[in-house]
Amino acid sequence: RAELRLRDQDISELTSQVAALKAEIDRTHRGRMDDLGSIQSRANLDVDKVQQSRRDEVDALRAEIVTLRAGNTELETGLHSQIHALNTDLRGVKFAKEEQVSDLKTEIENVSFARAKENAALRQDLDRINIVRREEKDVIRNELMLLKKAKRDEVLALE
C-alpha cells in the first residue's frame, strides 16, 4: 500500500511537471510572438522544437504513468491474493479451534458423566455402610441392654 501511495505521488508529481511544462511552453511561445521578423521565425522554430521536445517528454511521462498504473494493478492483485490466502488460513485456524473446543466439551461431558456415575456408586456404598452401621449400633444397643438387664438381674439375685 505504501508503494501504491508512492506511485500515486509520483503520478501527481509528473502531472504537476506536465502542467508546469505546458505553462513554460505557453510563456515561451508568447514571448517569441512579440519579437520581430526573423527573430520571430527563429523563435517559432525554437518554440516548435521545445514544444516537440516537451511533447516527447509528456508522451514519455504518460507512458511511465501507464506503466506505473499497470504496476499498481499488479500490486493490488497481489494484495488481494494475499488477503484471500490470509482469510483462508484464518478460516482454517478458526475451524481447527472450533474442533478443539468441541473435542474439549465432549471430553468434559464424558468426564462429568463418569464422575456422576462414580459419585452415584459412592453414595450407594455410603448408604449401605450407613445402614450396616445403624444395624450394628442397634445390635450393640440391644446387646448392651441385655447385658444391663442381666447385670440388674444378677445384682437383684445377689441381694
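None of these values were measured; they are calculated from a predicted model.

**Some words on the overall build of the chain**
Now for step 1: The number of helices and strands found in the chain is two helices and zero strands.
Now for step 2: A buried classification covers 11% of the 159 residues belonging to the chain.
Now for step 3: Long-range pairs, those at least 24 residues apart, make up 78% of the contacts in the chain between residues at least 6 apart in sequence.
Now for step 4: Carbon and sulfur atoms provide 56% of the accessible area of the chain, an area that totals close to 13,500 Å².

**Quick look at the pattern of salt bridges**
Now for step 1: One pass over the structure, following the stated rule, counts four salt bridges.
Now for step 2: For Glu57, the salt bridge goes to Arg54, with nearest N and O atoms at 3.3 Å. Taken together, the residues span about one helical turn, with Glu57 and Arg54 both in helix H2 (residues 37-158) at a distance of three residues.
Now for step 3: Relative accessible area serves as the criterion here: at 17%, Arg54 is assigned to the buried category.
Now for step 4: The partner of Asp125 in a salt bridge is Arg128, with the nearest N and O atoms 2.8 Å apart. Taken together, the residues Asp125 and Arg128, both in helix H2 and three residues apart, mark about one turn of the helix.
Now for step 5: Take Arg128: its relative accessible area is 49%, and that puts it in the partly exposed class.
Now for step 6: Overlapping salt bridges bring together Glu24, Arg54 and Glu57 as one network.

**Regarding a negative patch on the surface**
Now for step 1: Where like charges cluster on the molecular surface, the negative patch consists of Asp8, Asp10, Glu13, Glu64 and Glu76.
Now for step 2: Broken down by secondary-structure element, the contributors of at least two residues to the negative patch are helix H1 (2-34) and H2.
Now for step 3: By the element assignment, Glu13 lies in helix H1.

**Focus: the nonpolar core**
Nonpolar side chains in soluble globular proteins tend to be buried together.
Now for step 1: Ranked by size, the top nonpolar core spans seven residues in total: Ile11, Leu14, Val18, Val58, Leu61, Ile65 and Leu68.
Now for step 2: Counting only elements with at least two residues in this core, the list comes to H1 and H2.
Now for step 3: The dominant element in this core, judged by the number of residues it contributes, is H2, at four residues.
Now for step 4: Setting aside its immediate chain neighbours within four residues, Leu14 contacts Leu61, Glu64, Ile65 and Leu68.

**Some points on the side chain of Asn72**
Now for step 1: Relative to the elements of secondary structure, Asn72 occurs in helix H2.
Now for step 2: Each residue touching Asn72, except ones within four places of it in the same chain, is listed here: Leu4, Arg7, Asp8 and Ile11.

What counts, and where the lines are drawn
- Residues numbered from 1 in each chain as written.
- Predicted model: local features only at pLDDT ≥ 70, side-chain atom pairs only at ≥ 80, totals over all residues.
- Heavy atoms only, no water.
- Helix = DSSP H or I, 4+ residues; strand = E, 2+ residues; numbered from the N terminus.
- Buried < 20%, exposed > 50% of the residue type's maximum accessible area, 1.4 Å probe, protein only.
- Contact = heavy atoms within 4.5 Å.
- Areas by Shrake-Rupley, 256 points an atom, 1.4 Å probe, with all protein chains shown as cover.
- Salt bridge = Lys/Arg side-chain N within 4 Å of Asp/Glu carboxyl O.
- Patch = residues over 30% accessible without salt bridge, like charges linked within 9 Å, V, L, I, M, F, W, Y side chains within 5 Å.
- Lys, Arg positive; Asp, Glu negative; His and termini not counted.
- Charge placed at Lys NZ, Arg CZ, Asp CG, Glu CD.
- Core = buried A, V, L, I, M, F, W, Y, C linked by side-chain atoms within 4.5 Å.

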